[in-house]
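Spelled out, the chains give:
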Amino acid sequence: MTIANHFTYSLRCKQQCPKKLSYLYGEQYDDYLPSHYHYLQYAYYQIGQVEKAYRAVSTHLLFHPNNEVMLHNKDYYSARLGLTGGHQQLEMFAPREEAVSYVQRDTDEKLLLAFIDTNFHSLKTKDPNQDLGYQFEDIESGQSGPMGPDRDRADNGAFQSKASKTLHQRNVSIIMSETELEGKNRFAADGLGDSNECDQLIQLATEAAVHGDGYNGRTSPHTKFETFEGLTIGRAVVLVSLGILNKSRVQLLLDISDRGRNYIEEYFGLDKGQVYFSYTHLVCRTARADSPANRSDLSHPVHADNCILMKDGRCRKEKPAYTWRDYSAIIYLNDDFDGGEFIFAKDKDNIQASVRPKCGRMVGFSAGQENTHGVKAVRKGRRCAVAIWFTLDHKHRERERFLAAQVLLGHSSIVNNTKSTSDGQEEAKSLPNKLTVKTERSPGKVAPDRSLPSETDHRRTVTATDDFVTNNAFQLERSRGYADDEHVEL
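Because the structure is predicted, anything quoted here is derived from the model rather than measured. (Residues numbered from 1 in each chain as written. Predicted model: local features only at pLDDT ≥ 70, side-chain atom pairs only at ≥ 80, totals over all residues. Heavy atoms only, no water.)

Asks: Even after reading the chapter, I still don't get the sheet that holds strand S17 (residues 362–366), so can you show me in this structure?
Replies: Note on sheets: strands pair through backbone hydrogen bonds, and any given pair is parallel or antiparallel. Strand order in this open sheet of 8 strands is S5-S6-S17-S13-S20-S9-S8-S7, and the pairing throughout is antiparallel. Edge positions in the open sheet fall to strand S5 (173–176) and strand S7 (210–211), since each of these has one partner strand only. Note: strand S8 (residues 226–232) against strand S9 (residues 276–287), 7 bridges, orientation antiparallel. Residue Gly230 lies in a different strand from S9, and its bridge partner there is Val283. Relative to strand S20 (residues 382–391), helix H11 (residues 195–208) is tilted by about 95 degrees, and along the sheet it contacts S7, S8, S9, strand S13 (325–332) and S20. Packing of helix H12 (residues 233–241) onto the sheet brings it into contact with S7, S8 and S9, and relative to S8 it is tilted by some 65 degrees. (Pairing = 2+ DSSP bridges. Helix = DSSP H or I, 4+ residues; strand = E, 2+ residues; numbered from the N terminus. Contact = heavy atoms within 4.5 Å. Axes fitted to C-alpha atoms, helices over the stretch in contact; angles between N-to-C directions.)

Asks: Would you explain the sheet that holds strand S18 (residues 373–376) in this entry?
Replies: The strand order S10-S18-S15-S16 describes an open sheet built from 4 strands, whose pairing is antiparallel. Of all strands in the sheet, those with a lone pairing partner are strand S10 (298–303) and strand S16 (350–355), marking the two edges. In this sheet, adjacent strand axes meet at a mean angle of 25 degrees when their direction is disregarded. Relative to S18, strand S15 (residues 342–347) is paired through 3 bridges, and the arrangement is antiparallel. Note on S18: the bridge partner recorded for Phe344 is His373.

Asks: What is the right way to look at the side chain of His300 in this model?
Replies: Within the element layout of this structure, His300 appears in strand S10. A relative accessible area of 0% means that His300 is categorised as buried. Engagement of the side chain of His300 in a polar contact is seen with the side chain of Arg285, the distance being 3.2 Å. (Buried < 20%, exposed > 50% of the residue type's maximum accessible area, 1.4 Å probe, protein only. Polar contact = N/O pair within 3.5 Å; in protein donor to acceptor, adjacent residues only side chain to side chain.)

Asks: How should the pattern of salt bridges be read in this particular structure?
Replies: When the charged atoms of two side chains lie near each other, side chains of opposite charge can form a pair. Inspection of the entire model under this criterion finds 16 salt bridges. For Glu109, the salt bridge identified is with Arg105, shortest N-O distance 3.6 Å. With Glu109 and Arg105 both in helix H7 (residues 97–119) and 4 residues apart, the pair spans about one turn of that helix. Taking relative accessible area as the criterion, Arg105 reaches 38% and is therefore assigned partly exposed. Ionic pairing is found between Arg361 and Asp190, a salt bridge with its closest N-O pair at 2.7 Å. One end of the pair, Arg361, is in the loop between S16 and S17; the other, Asp190, is in strand S6 (residues 186–190), and 171 residues separate them in sequence. We classify Arg361 as buried; its relative accessible area is 14%. Among the residues examined, Asp190 registers a relative accessible area of 15% and is labelled buried. When salt bridges with common partners are traced through the structure, they connect Lys14, Arg105 and Glu109 into a single cluster. (Salt bridge = Lys/Arg side-chain N within 4 Å of Asp/Glu carboxyl O.)

Here you go:
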């Protein structure tokens, strides 16, 4: 019985692997594995290896047989290769072996689990993400022991204890309570950072923030009078590992966000270890030169953080909303701009309360419909903040923070992409060229459809080789991209 239970648990855990590996910068991408073959066919097309592109298309269709883009590309490559059917076409259009093997194994495992669920109800295990009492190995830390909230916080323990101690030393104080803000589960506090720390983080944003980050490259996602830029923990850590960013500034980004979490825990009476980071974003909004002084639009429309706000006032807690988000916080870094007040509001014309940003000021609140909010227009200057979302669900924790802790403590490195220079310093090798999706058509020819998945953003870097899947030679560096616009704060 014990062996059967353990086998079933292991099988269910194995079935979770594709989902767990599909997280990038704290967010899950449903089509992550098949999209590799989408990129591979495009990369092969770019370098003129049409036959290999043809096989990559076939492999993508193994996962999505009715994908219109790939079916179009199949016809295109068939015409390029002069194939009209028969044995030769079947041979050339064969999917890649590693994908065939994976799909067959995955299918067999699903059938086996279905058989177990049908015939052995008493042996059905719990969710693989829950602790079953076994001493399984934690893949991320390489240590043994039950997984859970305490382990997750221990991963970043050095930062946690430092943040908690600093929080009390700073005398963080509430400046606006639920009464002043006219709503429940909301507050504003001062003292989360000093002027030097704020300046350092603004400099970090200046050096590394990406225009349109989180909005598929749209630099002005909500209003034509402002530009938006952002930096994720994941991207920051990659740039530190490459020697491009100052390690201490990225460390500071972790420290100040840890202070924010600690205060959220204290204010809302949450147990230590119960609250996980879901996503951390260093963001700036800048008024364009032609921004009118009398603007009446919003820098960010009124919305909720974990549900979709409807016109009739209902808030639907379903995809594409980030339904797992439970608490939110924004730590502001400056006040040398006009406008840009944070507002709690039912809608644009029904504002309950307004908070003026300043260095070290934090607004915290529960993430549901009870706390719909937005941002007034930034009429002049640049407004920067650290936006943080928290979850009580361990499965949606921000995994990049664990990697950041390891890199900043010197325990690991993301890349081995350096070479020694004559003065003994290490110099980062140049990154691969960015993948472009500009369509160039030769006279009389129709190029394959290179439209990318809906979550594609503007900062992907691709290197493809013949064995990119099996040898991990496919490298993808991306900032966060989303199909919806409700995740970026404020």
